[in-house]
Amino acid sequence: MKNLLYICLLCLSVIACKDENSIQTFFVEHQEESNYSLVDISKTLIDFSATDLTEDEREAYNSLDKLHVLMYKATDSTQVAYNNELKKIQKIFKNPDYSELMQFSSDGMTFKINSIGEESKVDEVLVLASSSTMGFAAIRVLGDNISPEKIAALISKIKDANLDNNKLKGIVDFLK
């Protein structure tokens, strides 16, 4: 009887620790579903060697480890499911543990950017990009002591960087 009590307590503690509103839980629960695709991207995908980076931009690049990208493809036949899945991920982005950095729209895409960690040095940046015609992508930018301001400056330099298109093939194939 005592062992049964310990097992019950262990089960309750595991259930209580599971955060239904975490981005990590969402990724794990949806990565194998047919309308989703998960891609892990190393920071080496972007080669800045031919780009003149400032010290802050280089520091921003070095603070990054990798990106986890979970994409949901929207089609004409999946609009109802797309809207339901988008509502789920939007709810997660409202988690009070995530600090909202910004929201904006551009070329039919809506972007929401959040962070996890201290205000000036974060460990994870979360990006939600959505479009009713293409679908949505939830992106976890992982690193150590990421400075959102420095990352913003680095992003403007991506157009000058060399991208390894072979590594992007999985993303492009999924969106076709």
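Summarised in this report is the structure supplied together with it.

1. Topic: helix 3 (residues 55-63)
Working step 1: For helix 3, the set of buried residues is E57, A60, Y61 and S63. Projection of helix 3 onto a plane perpendicular to its axis shows the buried side chains occupying an angular sector of 160°, all on one side.
Working step 2: Contacts made by the buried residues of helix 3 are with strand 2 (46-47), strand 3 (64-73), strand 7 (135-146) and helix 5 (148-155).

2. Remarks on the environment of I116
Working step 1: Mapped onto the elements of the fold, I116 is located in strand 5 (residues 109-117).
Working step 2: With relative accessibility at 23%, the residue I116 sits in the partly exposed group.
Working step 3: Remark: the alpha-carbon pair of I116 and D97, spanning 19 residues in sequence, is separated by 6.9 Å.
Working step 4: The residues touching I116, leaving out its near neighbours within four places in the chain, are Y98, V122, D123, E124 and L126.

3. Considering the packing of helix 3 against helix 5
Working step 1: Put simply, helix 3 and helix 5 touch, their axes get as near as 8 Å, and they point 105° apart. Relative to helix 5, the element helix 3 is oriented roughly perpendicular. Across the interface between the two elements, D56, E57, E59, A60, Y61 and S63 from helix 3 touch K150, I151, A153 and L154 from helix 5.
Working step 2: Within the contact of helix 3 with helix 5, the residues separate by chemical class into five nonpolar, one polar and four charged.

4. Some thoughts on unusual backbone geometry
Working step 1: Phi at D107 is positive, roughly 50°, even though this residue is not glycine.
Working step 2: With respect to the secondary-structure elements, D107 resides in the loop between strand 4 (99-106) and strand 5.
Working step 3: Phi angles above zero are rare outside glycine, and N145 is one such case at about 50°.
Working step 4: Among the structural elements, N145 can be located in strand 7.

5. Brief notes about the side chain of E85
Working step 1: Looking at where E85 falls in the secondary structure, it is placed in helix 4 (residues 79-93).
Working step 2: Excluding its chain neighbours within four sequence positions, the residues that come into contact with E85 are F26, H30, Y36, Y72 and F136.

Conventions and cut-offs
- Residues numbered from 1 in each chain as written.
- Predicted model: local features only at pLDDT ≥ 70, side-chain atom pairs only at ≥ 80, totals over all residues.
- Heavy atoms only, no water.
- Buried < 20%, exposed > 50% of the residue type's maximum accessible area, 1.4 Å probe, protein only.
- Helix = DSSP H or I, 4+ residues; strand = E, 2+ residues; numbered from the N terminus.
- Arc of directions from axis to C-beta.
- Contact = heavy atoms within 4.5 Å.
- Axes fitted to C-alpha atoms, helices over the stretch in contact; angles between N-to-C directions.
- Parallel < 35°, antiparallel > 145°, perpendicular 65-115°, else oblique.
- Nonpolar A, V, L, I, M, F, W, Y, C, P; charged D, E, K, R; others polar.

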